[in-house]
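# Structural features, examined
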Amino acid sequence: MSECKNPFGNDVMPQSPHHSTVDSLKPLFHPRSVAVIGASRETSHIGYRLLESLQGSRFAGTIIPVNPHATEIAGLPVFPSLRTIPGPVDLALIAVPPNAVLAVIDDCAAKQVPAAILITAGFAETGTLGISLEQQLREKVRRHGIRLIGPNCFGLMNLDPAVRLNATYTPIVPPAGRVAIASESGGLGLAVVTAARRLNLGLSSFVSVGNHADVTVNDLLEYWEQDQATDVILLYLETVVDPQRFRQIAERVGSKKPIVVLKAGRTSAGQSAAGSHTAALATNDTAVDALFAQCGVIRAKTLEEFLALATGLSAQRIPAGRRVGILTNSGGPGVLCADSCAAEGLTVPELSKQTQSALASFLPPTAALRNPVDVIGFATEDQHARAVETMLKADEIDALIIVHVSVRTKDNDPVASGIVRGISTARQAIGRNKPVYICWMAEGDLERTFTVEGETIPTYPHPEIQARIISQAVAYETWRRLPIGQIPSYTDVDLSKAKSICAKALSERGSGWLTTEETHALLAVMKLPLVQGAVATSAEEAVKLACKMGFPVAVKLASRQILHKTEIGAVRLNLADEQAVHDAFEAIRSRLAQDHKLDAMDGVLVQPMLSGGVEVMAGMTRDPLFGPLLAFGLGGIHVEILNDVQFMTTPLTDRDATEMVREIKGYRLLQGYRGHPAADVAAIEEVLLRLSRLVEEIPEISELDLNPIFALPPGRGCKIVDARIRVDMNSLGG
């Protein structure tokens with residue numbers, strides 16, 4: 001009935017980066033010569049500050065200022081134009097007015113400059129004229145084969161000691177390290193670079209992508225995938241360019257290197273009225289969360305968390321599990337740390353008798369030994385050293401958080417020395433497998449750094465953030481170790497007939513909700529398990545259908561206009577005889593007549609009653625950027641109240657479907673709860689996968705709701721009780 005294929009429709013999953021993209025970006029990161037076009041003698045101008053940054057970073061290559069009105073700037077000989085430079089130029093750093101940019105790009109092409117960074121603003125961010133100018137720029141660089149970062153960007157850094165490239169307009173250079181950063185905001189990029197220096201966060205490279213007229217974050221991910229100097233990738237995004245390509249690349253890159261994203265725009269400024277439960281619950285940020293979860297991206301909620309994850313992931317190994325040891329000299333912050341661990345799904349286990357006995361042998365009698373371990377306020381350097389060593393050697397924990405509150409300023413140095421000595425001794429005995437994080441709450445001494453034989457210990461001013469780092473790191477590692485998901489193709493479905501049903505409805509009535517008959521026919525050709533039923537247009541016809549099906553039955557309004565039937569009393573359940581069915585039809589008809597909506601009544605749907613099972617729902621709404629967004633959660637009338645729904649983007653893999661079902665809070669109901677039988681989870685997952693295939697193949701489907709679906713006991717499958725599907729010409733192409 002089905003066969004599996006890879007998530008992106010290729011016969012072979014991509015195993016290596018796109019070398020053409022990677023090779024084309026190398027001149028941006030490893031230029032031997034940089035021409036600064038728009039170099040200026042005015043120290044306040046960006047053209048001067050770019051030269052200053054290049055010189056200040058001691059760039060290993062040649063710096064060539066370009067200015068038709070000068071012969072020397074900052075001690076460097078100046079050329080009037082790119083074309084007059086005698087030797088090759090690998091990278092053009094452009095800071096000229098917007099109306100001069102296209103001519104400079106032509107000069108780059110004539111000089112065969114392979115790459116450029118366009119600092120200049122005044123393009124798409126400024127409105128209609130700027131959008132037109134940026135489109136001309138994009139067409140020109142692509143025609144000439146020039147890779148361009150920008151416009152409206154802050155620049156690029158490569159901290160490789162063999163390159164030392166600071167092609168930005170800030171002289172601040174962070175330490176070299178293993179973290180690559182891309183930012184869609186120049187201002188936030190500057191803030192991150194500044195913070196990296198303060199936090200001793202080592203960077204491999206930094207890129208401000210600006211308006212990404214050419215080089216996008218997706219291109220940079222491919223470059224950093226193969227970059228031996230990069231272990232962790234940070235992205236600040238204000239949008240997601242080409243979500244499908246991002247998913248494909250990020251999933252591949254994330255299997256080797258963690259990707260941390262701070263995505264702006266969590267809240268929606270406004271949302272139009274939605275016809276389905278799924279559309280009512282979905283937002284653009286819902287789609288972002290779904291996309292990131294599917295491709296293993298770690299999403300930071302705040303700038304503080306963004307930087308904390310960077311230091312934590314780059315400096316320490318990922319914990320082997322969720323068991324955390326806490327060592328503190330103050331009970332309150334230790335408790336706050338423990339609470340944060342619990343909130344993040346971590347455990348703070350009681351230490352073994354052996355570990356407690358070892359701690360008791362050198363700590364004062366007033367010390368707390370169970371976990372958190374409180375060494376009390378005046379613990380000595382030696383006591384700190386031995387406590388750290390003992391806890392790191394304890395088999396019952398996977399990570400250690402050290403929380404220090406400064407009691408006396410003069411104690412800070414010995415406490416710090418003790419912590420470093422304890423870590424060093426433990427590392428020598430058991431290696432670096434257990435990560436260590438420090439909370440250093442010492443006013444006037446907040447920028448202290450801890451280094452143990454070349455290993456940086458991440459240090460934070462508050463006791464809560466460490467739990468978030470550990471939780472995110474463990475979740476990422478769990479995702480990374482899962483098998484690659486596959487997409488069942490389902491050869492038993494009739495896609496051509498499904499497409500014809502939707503096309504016929506659009507041609508006859510235009511955009512709108514399918515009739516009950518059309519909806520049932522569409523689900524049938526997709527082999528989706530719909531409860532059998534039929535539409536009656538009179539009370540007598542409804543009675544005949546009920547007699548044929550057998551009592552009890554349900555009678556529901558059939559309407560393409562009125563979607564939430566329960567709210568107007570248009571759903572009647574457990575009807576046990578002919579009279580009850582007759583009365584139900586007339587009551588529904590009377591209610592619509594009372595509301596002057598009789599023309600909205602297509603009839604009633606008569607169905608046999610189902611008993612048992614758990615009510616769940618599945619649905620889809622089509623996001624204008626991300627395409628189809630599938631939803632799954634508890635169903636019935638409570639879906640919008642409980643909001644216990646998981647979303648994922650399509651195409652849905654078998655791995656995605658499994659995670660969707662298991663991630664809802666109500667999953668315990670599907671496992672069997674307090675005497676209620678478990679549900680046929682495999683059947684639910686198949687419904688989600690078939691829905692994914694349907695909405696991927698038919699872009700005219702803009703909204704879809706299957707609610708409720710009765711999830712029956714294992715082996716009995718599930719049954720769709722109610723369904724509505726909307727088709728829309730405007731949704732073509734996602």
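I will try to describe carefully the structure that is included in this document. Predicted model, so just to flag it, every value in this text is computed and none were measured.

## Side note on the overall build of the protein chain
- In terms of helices and strands, the protein chain carries 23 helices and 34 strands.
- By its C-alpha atoms, the protein chain is 95 × 80 × 45 Å across when sized along the principal axes.
- Within the protein chain, the fraction of its 734 residues that count as buried is 56%.
- Within the protein chain, contacts between residues at least 6 apart in sequence are counted, and of these 72% link residues at least 24 apart.
- Counting only carbon and sulfur atoms, one obtains 51% of the accessible surface of the protein chain, whose full area is about 30300 Å².
- Charged side chains of the protein chain number 69 positive and 79 negative; the gap between the two group centres comes to 3 Å.

## Comments concerning the packing of helix H5 (residues 186-199) against helix H10 (residues 303-315)
- The geometry of H5 relative to H10 is characterised by a closest axis approach of 11 Å and an angle of 50° between their N-to-C directions. It follows that H5 is oblique to H10 by the angle criterion. When you trace H5 past H10, the crossing you get is right-handed. On H10, the residues touching Leu188, Val192, Ala195 and Leu199 of H5 are Leu303, Phe306, Leu307 and Thr311.
- Class assignment for the residues of the contact of H5 with H10 results in seven nonpolar, one polar and no charged.

## Examining H10
- Helix length check: H10, at 13 residues, gives a terminal C-alpha distance of 18 Å against a target of 18 Å (1.5 Å per residue), a fit within 8%.
- Burial runs high along H10: 10 of the 13 residues are buried.
- Turning to H10, its buried residues number three or more, namely Glu305, Phe306, Leu307, Ala308, Leu309, Ala310, Thr311, Gly312, Leu313 and Ala315.

## Considerations on unusual backbone geometry
- A cis amide bond links Phe551 with the next residue in sequence, Pro552, at an omega value of 0°.
- Of note, the amide linkage connecting Thr650 to Pro651 takes the cis form, showing an omega dihedral of 5°.
- Located in the positive-phi region is Ala74, a residue other than glycine, with phi close to 55°.
- One can find Ala74 in the loop between strand E4 (72-73) and strand E5 (76-77).
- Even without glycine at this site, Asn200 takes up a positive phi of about 60°.
- Examined against the element boundaries, Asn200 turns out to sit in the loop between H5 and strand E12 (203-208).

## Some words on the environment of Leu351
- Its location among the elements puts Leu351 in the loop between helix H11 (331-343) and helix H12 (353-360).
- Exposure remark for Leu351: the relative accessible area of 3% places this residue in the buried category.
- Measuring from C-alpha to C-alpha, the distance between Leu351 and Leu605 comes to 62 Å, with 254 residues separating the pair along the chain.
- In this structure Leu351 touches Gln356, Leu359, Leu369, Arg370, Asn371, Val373, Met391, Glu396 and Ile397, once residues within four positions along its chain are discounted.

## Overview of the packing of aromatic side chains
- According to the stated counting rule, one finds seven aromatic pairs in the structure shown.
- Ring geometry for Phe154 versus Phe206: centroids 5.8 Å apart, planes at 75°, classification edge-to-face. Residue Phe154 is located in the loop between strand E8 (147-149) and strand E9 (155-158), and its partner Phe206 is located in strand E12; the two are separated by 52 residues in the primary sequence.
- By relative accessible area, Phe154 is classed as buried at 1%.
- Exposure remark for Phe206: the relative accessible area of 0% places this residue in the buried category.
- Taken together, Phe29, Tyr223 and Trp224 form an aromatic cluster joined through their ring pairs.
- The positively charged end of Arg690 is found above the aromatic ring belonging to Tyr490, 4.1 Å away from the centroid.

Procedures and definitions
All residue numbers refer to position in the chain's written sequence, counted from 1. Predicted model: local features are reported for residues with pLDDT of at least 70 only, side-chain atom pairs are reported and counted for 80 or more only, and whole-chain, interface and lining totals are derived from all residues. Excluded from the side-chain calculations are hydrogens and water; all other atoms, namely the structure's heavy atoms, are used. Runs of H or I in DSSP of at least four residues are treated as helices and runs of E of at least two as strands, each being numbered from the N terminus. Working definition: with a 1.4 Å probe on protein chains only, accessible area under 20% of the residue-type maximum means buried, over 50% means exposed, and in between means partly exposed. The contact rule is simple, with two residues in contact once any of their heavy atoms fall within 4.5 Å. Surface accessibility in these figures is a Shrake-Rupley result with a 1.4 Å probe; residues are shielded only by whichever protein chains are displayed. Positive residues here are Lys and Arg, negative ones are Asp and Glu, while His and the chain termini are left out of the count. Charged groups are reduced to one reference atom each: NZ for lysine, CZ for arginine, CG for aspartic acid, CD for glutamic acid. Only the stretch in contact is used when fitting a helix axis, every axis being a line fitted to C-alpha atoms; angles between N-to-C directions are given from 0 to 180 degrees. Should an angle fall under 35 degrees it is taken as roughly parallel, and over 145 as roughly antiparallel, whereas 65 to 115 is taken as roughly perpendicular and any remaining angle as oblique. Crossing chirality is assigned from the near helix's rotation relative to the far helix, an anticlockwise turn below a right angle marking it left-handed and a clockwise turn marking it right-handed. Residue polarity is assigned by list, with Asp, Glu, Lys and Arg as charged and Ala, Val, Leu, Ile, Met, Phe, Trp, Tyr, Cys and Pro as nonpolar; anything else, Gly included, falls into the polar class. Expected span of a helix, by definition, is 1.5 Å for each gap between consecutive residues, and there is one gap fewer than residues. Pairing of aromatic rings covers Phe, Tyr and the six-membered ring of Trp, with a centre-to-centre limit of 6.5 Å; geometry is then stacked below 30 degrees between planes, edge-to-face above 60, and tilted otherwise. Charge-over-ring contacts are defined here by two conditions on Lys NZ or Arg CZ: a distance within 6 Å of the ring centre and an angle within 35 degrees of the ring normal.

Remember that the coordinates give geometry; whether it matters functionally is a separate question.
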